Amino acid sequence: MTRIFVPCDASALAVGADAVAAALAKALPEATIIRNGSRGLTWLEPMVEIETPAGRVAYGPVAASDVPGLVDAGLIDGAAHPLCRGPTEEIPFLKRQTRLTFARCGIVDPLSLADYCAHGGYRGLERAVGIGPDETVEAVVHSGLRGRGGAGFPTGIKWRTVRQAEGQTKYIVCNADEGDSGTFADRMIMEGDPFVVIEGMTIAGIATGATQGYLYIRSEYPHAIATMKAAIAIARVAGYLGPDVAGSGFAFDIAVRIGAGAYVCGEETALLESIEGRRGTVRAKPPLPAHKGLFGCPTVINNIISLASVPVILDKGGDFYRDFGLGRSRGTMPIQLAGNLRHGGLFEVAFGITLGALVEEIGGGTISGRPVRAVQVGGPLGAYFPPSLFDTPFDYEAFAARDGLIGHGGIVVFDDTVDMAHQARFAMEFCAIESCGKCTPCRIGSTRGVEVIDRIRRNQDRDKNLALIDELCTTMKLGSLCALGGFTPYPVQSAIRHFGEDFGVAGQGRG
Amino acid sequence: MGFQTWSAEAAATIIAGHLGERGALLPLLHDLQSAFGHIPEAAIPQVALALNLSRAEVHGVVTFYHDFREAPHGRHVLKLCRAEACQAMGGERLAGLARDRLDLDWGGTTPDGAVTLEPIFCLGLCACGPAAMVDGELVGRLDPARLDGIIAGLRTP
Ligand SMILES: Cc1cc2nc3c(=O)[nH]c(=O)nc-3n(C[C@H](O)[C@H](O)[C@H](O)COP(=O)(O)O)c2cc1C
Ligand code: SF4
Ligand code: FES
């Protein structure tokens, strides 16, 4: 029976994948329809794939109304059609990638454990059990993996700290709060390859001596929540979670916790407060969560992509992983191309590719057809870059050197209709809405920031207010406990610096 | 979206399901909200007593998180993404259009109780924006004409 793949990823559902799947089921009752994750070619969603003797062939973007025509043209044999994109693996957007963390995403049936294992799943766990906790920690240290949640802290070092911490009870907390605009890698991995998350958390548990994991998912992701809950139940029945994980003698289990619409709960200590049932207020450090984290116990808290990268590191070795990348940024990064782009989607690649290559070559420039004017990298706390900085390589240090950050790897592209003073205002407004309220510069400063930018936009005492916004940004940078208040100045100041004309600052060219 | 009408007994059953759980408050509030459509004022002392917290603590948590509502929403909920990637695709224009058509500000409900308009900051649909969630269903590549159609549909009794 021919297998047809129609993604159940939220990005595919949002553009009609269910109707496409229903139309295909009706037109081709003899075919088997698999609801896979997304390959990450979002502009082609819903992207339908047919399994042929020569491999999978892609069609997209397919609307339900296209189905009769596609079937008549011979879709079942992978025949030609204006929507046919040829063999999936040959599509340049996919061919140029190095898929390590997302190796299976979009290929397998997300909830088939057999499919997962047939595609290399649980080989990392097997190896971790074989070499034992200490060697497992060292393999992660050696791989050079750094946290994918934004701060870029070496994952192995964090694990070593928890492994060495005293304590009967330790926890693994997986951060799937993914609040940054322009990012969707966490969502995609949960919806497309949930078992890799479970395997990564399990390896972290075995390596550090934790037997309980918490997976904290934002409430804005109902499909990811459902898939993860289902996968955890399947893994439990199959003995991959529970008192004796896959016969290893190690115990590990996972509970899912749902956020409640607070951006700041992505910050690790606010997230711990939230799991404990309190307001998401940021905790002062020290103590580090590695020493005193969830319920006061030593806790590994990692971004979900950091954890999902661990199985391949264990399976293929730290050397294999660290051979990809540039400088101190090792391995691959699932970069998310978003906003006004022709080819938006997920692009996993070794560190070092330039911002310009990502936006122009991979992303194909704007979908509006207008010139690119500004690119925000790293979410709402990330700087806006003009095209004149497109030579910046995608690497933690290179972005920091240009007063930016790569954050969780989101890239949001704007064309020349953008009003950068409006974007700067939004950055302050967002900070005001989401502030946890603990620090005055963040709580009050952001509201003042909105007012000051409004005055600049109205040309009211412009020079005085431009000086004021600078002062305010400095106060926020110095007086904030976490990066919400501390980094909101990045988008604001980069907008003023690179796009001064939108603030009435003379003598500064575009870009 | 049918919600139960408030009853202390129904709430007690939901609360009982979370007793003994560590960090029970958020999961419990989520369950109460999915049952009653909001967190009724009367639930707060009941929750506080069961979890051995003060009323102020429970109230503080309810008000901190944007998801928890202190009043029920309309028969339909239209959530529009206000975040940057959707802005880059014309999200602000759509937001303006929705507010005009419904004559509402963010968080408001039409006088006939048909539609509540809420902002949402990213649905993870940033490569197929502008994005929205209509009664829990995701919508991507939204444009003014479709949004008009959606709003008209929600307003029809
Ligand atoms: C305001 C704020 C929001 C954050 N949101 C997230 C998030 O959604 N997901 C995430 O993994 N990390 C987020 N972080 C970073 C976390 O605090 C923390 O660094 C991360 O979870 C550690 O995991 P990693 O080392 O694997 O990156 C946020 C930080 C701040 C200050
Ligand atoms: S900077 Fe803002 S969000 Fe962070 S701890 Fe301070 S008040 Fe809270
Ligand atoms: S910014 Fe709108 S869905 Fe992400």
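Residues numbered from 1 in each chain as written. Chains lettered and ligands numbered in written order. Predicted model: local features only at pLDDT ≥ 70, side-chain atom pairs only at ≥ 80, totals over all residues. Heavy atoms only, no water.

Enquirer: Can you break down the overall build of chain A residue by residue, with the values?
Expert: Scanning chain A from N- to C-terminus turns up 21 helices and 16 strands. For chain A, whose C-alpha radius of gyration is 23 Å, the value lies close to the compact-globule estimate of 24 Å for 511 residues. If one aligns the C-alpha atoms of chain A with their principal axes, the spans along those axes are about 70 × 60 × 40 Å. Per-residue burial over chain A gives 62% buried out of 511 residues. The contacts of chain A with a sequence gap of at least 6 include a subset with a gap of at least 24, amounting to 69%. (Helix = DSSP H or I, 4+ residues; strand = E, 2+ residues; numbered from the N terminus. Rg over C-alpha atoms; globule rule 2.2 N^0.38 Å. Buried < 20%, exposed > 50% of the residue type's maximum accessible area, 1.4 Å probe, protein only. Contact = heavy atoms within 4.5 Å.)

Enquirer: Residues and numbers for the sheet that holds strand E5 (residues 84–87) of chain A, please.
Expert: All names here are of chain A. Read across the open sheet, the 5 strands follow the order E2-E1-E3-E4-E5; overall the sheet is mixed. Either end of the sheet is taken by a strand with one partner, and the two such strands are strand E2 (32–34) and E5. On average, each strand axis in the sheet is inclined to that of its neighbour by 25°, with strand direction left out of account. Where strand E1 (residues 3–5) lies against strand E3 (residues 48–52), 2 bridges are found, and the strand directions are antiparallel. (Pairing = 2+ DSSP bridges. Axes fitted to C-alpha atoms, helices over the stretch in contact; angles between N-to-C directions.)

Enquirer: Requested: an account of the site of ligand 2, with residues and values cited.
Expert: Residues in close proximity to ligand 2 total 13 residues, the closest being Cys436, Lys438, Cys439, Cys442 and Cys482 of chain A. Classifying every residue of the shell around ligand 2 by side-chain character gives 8 nonpolar, 4 polar and 1 charged. (Near = heavy atom within 4 Å. Nonpolar A, V, L, I, M, F, W, Y, C, P; charged D, E, K, R; others polar.)

Enquirer: Describe the nonpolar core, naming the residues involved and giving the relevant values.
Expert: Counting residues in each nonpolar core, the largest one holds 151 residues, and the members touching the most others are Trp159, Ile198, Leu215 and Ile469 of chain A together with Leu32 of chain B. In terms of residue count, the dominant contributor to this core is helix H9 (residues 194–208) of chain A (9 residues). Dropping the residues within four chain positions of it, Leu32 of chain B is found in contact with Ala11, Ile14, Gly37, His38, Ile39, Ala43 and Val47 of chain B. Ile335, Leu355, Ile362 and Val372 of chain A belong to the second-largest nonpolar core, a separate cluster that totals 34 residues. (Core = buried A, V, L, I, M, F, W, Y, C linked by side-chain atoms within 4.5 Å.)

Enquirer: Kindly report on the sheet that holds strand E4 (residues 137–139) of chain B, identifying the contributing residues and their values.
Expert: All names here are of chain B. The strand order across the open sheet formed by 4 strands is E2-E1-E3-E4, and the pairing between neighbours is mixed. Of all the strands in the sheet, the pair left with one neighbour each is strand E2 (115–120) and E4. The average undirected angle you get between the axes of adjacent strands in this sheet is 20°. Bridge analysis of strand E3 (residues 132–134) against E4 gives 3 bridges, and the strand direction is antiparallel. Opposite Val134, over in E4, you have Glu137 as the bridge partner.

Enquirer: Report on the domain arrangement of chain A, specifying residues and quantitative values.
Expert: Residue and element names in this part refer to chain A. As assigned here, chain A comprises domain 1 (3–95), domain 2 (113–321), domain 3 (324–415) and domain 4 (420–503). Taken over C-alpha atoms, the centre of domain 1 sits 33 Å from the centre of domain 2. Taken residue by residue, the interface counts 9 residues in domain 1 and 5 residues in domain 2. Counting every contact that joins domain 1 to domain 2 gives 1 salt bridge. Grouping the amino acids of the side of domain 1 that touches domain 2 by side-chain chemistry returns 3 nonpolar, 4 polar and 2 charged. (Domains from an automatic or database assignment. Salt bridge = Lys/Arg side-chain N within 4 Å of Asp/Glu carboxyl O.)

Enquirer: Lay out the pairing of E2 of chain B with the relevant residues and their values.
Expert: Residues and elements named next belong to chain B. Most of E2 is tucked away, with 5 of its 6 residues classed as buried. Summarising the sheet, strand E1 (residues 76–81) and E2 pair through 6 bridges and their orientation is parallel. Bridging across to E2, Val77 finds its partner in Thr116.

Enquirer: Any chance you could break down the domain arrangement of chain B for me, citing the residues and the numbers?
Expert: Here chain B is described as being made up of domain 1 (8–64) and domain 2 (76–155). Summarising the inter-unit geometry, the C-alpha centres of domain 1 of chain B and domain 2 of chain B are found 30 Å apart.

Enquirer: Account for the site of ligand 1, with residues named and values stated.
Expert: All names here are of chain A. Contacts to ligand 1 come from 19 residues, most closely from Gly149, Glu268, Asn302, Asn303 and Ser306. Here Asn302 contributes a side-chain N or O atom positioned 2.8 Å from an oxygen atom of ligand 1. Ser306 is positioned such that a nitrogen or oxygen atom in its side chain is 2.6 Å from an oxygen atom of ligand 1. Look at ligand 1: alone it shows 610 Å² of surface, and the protein chains cover 91% of it. If you list the elements that add at least two residues to the shell around ligand 1, you get strand E9 (299–303) and helix H20 (483–487). A per-class count over the shell around ligand 1 returns 5 nonpolar, 8 polar and 6 charged. (Polar contact = N/O pair within 3.5 Å; in protein donor to acceptor, adjacent residues only side chain to side chain. Areas by Shrake-Rupley, 256 points an atom, 1.4 Å probe, with all protein chains shown as cover.)

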